[in-house]
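Residues per chain are reported as follows:
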Amino acid sequence: MTRPDAERIAAARSRFAGLHQAGCFVIPNPWDTGSAMMLKHLGFQALATTSSGFSFSKGLPDADWAVPRDMVLDHVAEMVAATDLPVNADFESGYAHDPDGVAENCRLCAATGVAGLSIEDNSGDPSAPLYPFDLAVERIRAAVSALRGTGVLLTARAEAHLLGVPDPQREAVKRLVAFAEAGADVLYAPGLRTPEQIREV
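Residues numbered from 1 in each chain as written. Predicted model: local features only at pLDDT ≥ 70, side-chain atom pairs only at ≥ 80, totals over all residues. Heavy atoms only, no water.

Some details on the overall build of the chain
Step number 1: Of regular secondary structure, the chain possesses nine helices and five strands.
Step number 2: Put simply, the chain runs from its N terminus to its C terminus through helices and strands in the order α-α-β-α-α-β-α-β-α-β-α-α-β-α.
Step number 3: For 201 residues, the compact-globule formula gives about 17 Å, and the C-alpha radius of gyration of the chain, at 16 Å, lands near that figure.
Step number 4: Each of the 201 residues in the chain was classed as buried or not, and the buried ones make up 48%.
Step number 5: Long-range pairs, those at least 24 residues apart, make up 69% of the contacts in the chain with a sequence separation of at least 6.
Step number 6: Carbon and sulfur atoms make up 54% of the accessible area of the chain, which amounts to about 9,900 Å² in all.
Step number 7: One way to put it: in the chain the 17 positive side-chain charges average out to a point 4 Å from where the 26 negative ones average out. (Helix = DSSP H or I, 4+ residues; strand = E, 2+ residues; numbered from the N terminus. Rg over C-alpha atoms; globule rule 2.2 N^0.38 Å. Buried < 20%, exposed > 50% of the residue type's maximum accessible area, 1.4 Å probe, protein only. Contact = heavy atoms within 4.5 Å. Areas by Shrake-Rupley, 256 points an atom, 1.4 Å probe, with all protein chains shown as cover. Lys, Arg positive; Asp, Glu negative; His and termini not counted. Charge placed at Lys NZ, Arg CZ, Asp CG, Glu CD.)

Overview of the packing of helix 2 (residues 33-41) against helix 4 (residues 69-82)
Step number 1: Closest axis-to-axis distance for the helix 2/helix 4 pair is 9 Å, and the angle between their directions is 35°. Of the two elements, helix 2 crosses helix 4, and the hand of that crossing is right-handed. Mapping the contact onto sequence places Thr33, Ala36 and Met37 in helix 2 and Glu78, Met79 and Ala82 in helix 4. (Axes fitted to C-alpha atoms, helices over the stretch in contact; angles between N-to-C directions. Left-handed = near helix turned anticlockwise from the far one by under 90°.)

Observations concerning the side chain of His161
Step number 1: Along the chain, His161 falls in helix 7 (residues 160-163).
Step number 2: Side chain to side chain, His161 and Gln169 meet in a polar contact 2.7 Å long. (Polar contact = N/O pair within 3.5 Å; in protein donor to acceptor, adjacent residues only side chain to side chain.)

What about the pattern of salt bridges?
Oppositely charged side chains are able to pair whenever their charged atoms sit close together.
Step number 1: The full count for this structure, using the stated rule, is nine salt bridges.
Step number 2: Among the ionic pairs, Arg157 bridges to Glu120, the shortest N-O distance being 3.9 Å. In this pair, Arg157 sits in strand 4 (residues 153-157) while Glu120 sits in strand 3 (residues 116-120), placing the two residues 37 residues apart along the sequence.
Step number 3: Here Arg157 falls in the buried class, since its relative accessible area comes to 12%.
Step number 4: With its nearest N and O atoms 3.4 Å apart, the salt bridge here joins Arg199 to Glu196. One end of the pair, Arg199, and the other, Glu196, are both in helix 9 (residues 195-200), three residues apart, so they sit about a helical turn from each other.
Step number 5: For Arg199, a relative accessible area of 63% corresponds to the exposed category.
Step number 6: In the salt-bridge network here, residues are joined through shared partners; they are Glu120, Arg157 and Glu159. (Salt bridge = Lys/Arg side-chain N within 4 Å of Asp/Glu carboxyl O.)

Details of helix 1 (residues 6-22)
Step number 1: For helix 1, spanning 17 residues, the distance from its first C-alpha to its last is 24 Å, which sits close to the expected 24 Å at 1.5 Å a residue.
Step number 2: Among all positions in helix 1, only Ile9, Ala12, Arg13, Phe16, Ala17 and Leu19 are buried. Around the axis of helix 1, the buried residues are gathered within 155° of arc, so they sit on the same side. The exposed set on the far side of helix 1, more than 90 degrees from its buried face, consists of Glu7, Gln21 and Ala22.
Step number 3: Contacts made by the buried residues of helix 1 are with helix 4, strand 2 (87-90), helix 5 (99-110), strand 3 and strand 4.
Step number 4: Among the residues trailing helix 1, Gly23 stands out with phi positive, at a value near 135°. (Expected span 1.5 Å × (residues − 1). Arc of directions from axis to C-beta.)

Focus: the packing of aromatic side chains
Step number 1: Summed over the entire model, instances satisfying the criterion amount to three aromatic pairs.
Step number 2: Ring centres of Phe16 and Phe25 lie 6.3 Å apart, and the angle between their planes is 75°; on these two criteria the pair is classed as edge-to-face.
Step number 3: By relative accessible area, Phe25 is classed as partly exposed at 23%.
Step number 4: Among the aromatic residues, those joined into a ring-pair cluster are Trp65, Phe91 and Tyr95.
Step number 5: When the ring centre of Phe133 is taken as reference, the NZ or CZ atom of Lys174 above it lies at 4.5 Å. (Phe/Tyr/Trp six-rings, centres within 6.5 Å; stacked < 30°, edge-to-face > 60°. Lys NZ or Arg CZ within 6 Å of the ring centre and 35° of its normal.)

Here's what the structure looks like:
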């Protein structure tokens, strides 16, 4: 993995933080360097990797970490190098179940030069699709600690709406509040379907 230029990466991270502070913006999902370059040409201000797009481009499912962590890290590094735009990494569940493993993998992801990364609370276990609440919060707290001082924004994802859990709105809001208190920079609950759900989140 090629080490990114420190000055360029610091500038991208600063721009990414500024985009979040300024309000809403659209962030598209390139799946390779060519699509990243095309999206920059179209005028987008930041890019985000896509676990499904990359998995499918390799003929693999977007599930259960079918794409190995190191392959993902190499892909993220390629996406960072493709343009000078800030890149947010779809880092799934952090490629580890335990908080220490999540922290180490977040450090490795930050070393690619990303401006942000996201961590899900999806356990990958169909019988218990969400990590238990306390463990989910500890995983986010570990990621926050690992990224402290890097300038990398951490998005904490509450996946309840996507996983068919009982009362997903209540569960998502409860987790997002706890993730914010644990230090996450950005909060995301994918799968919201109504204006009322969006307002509550």
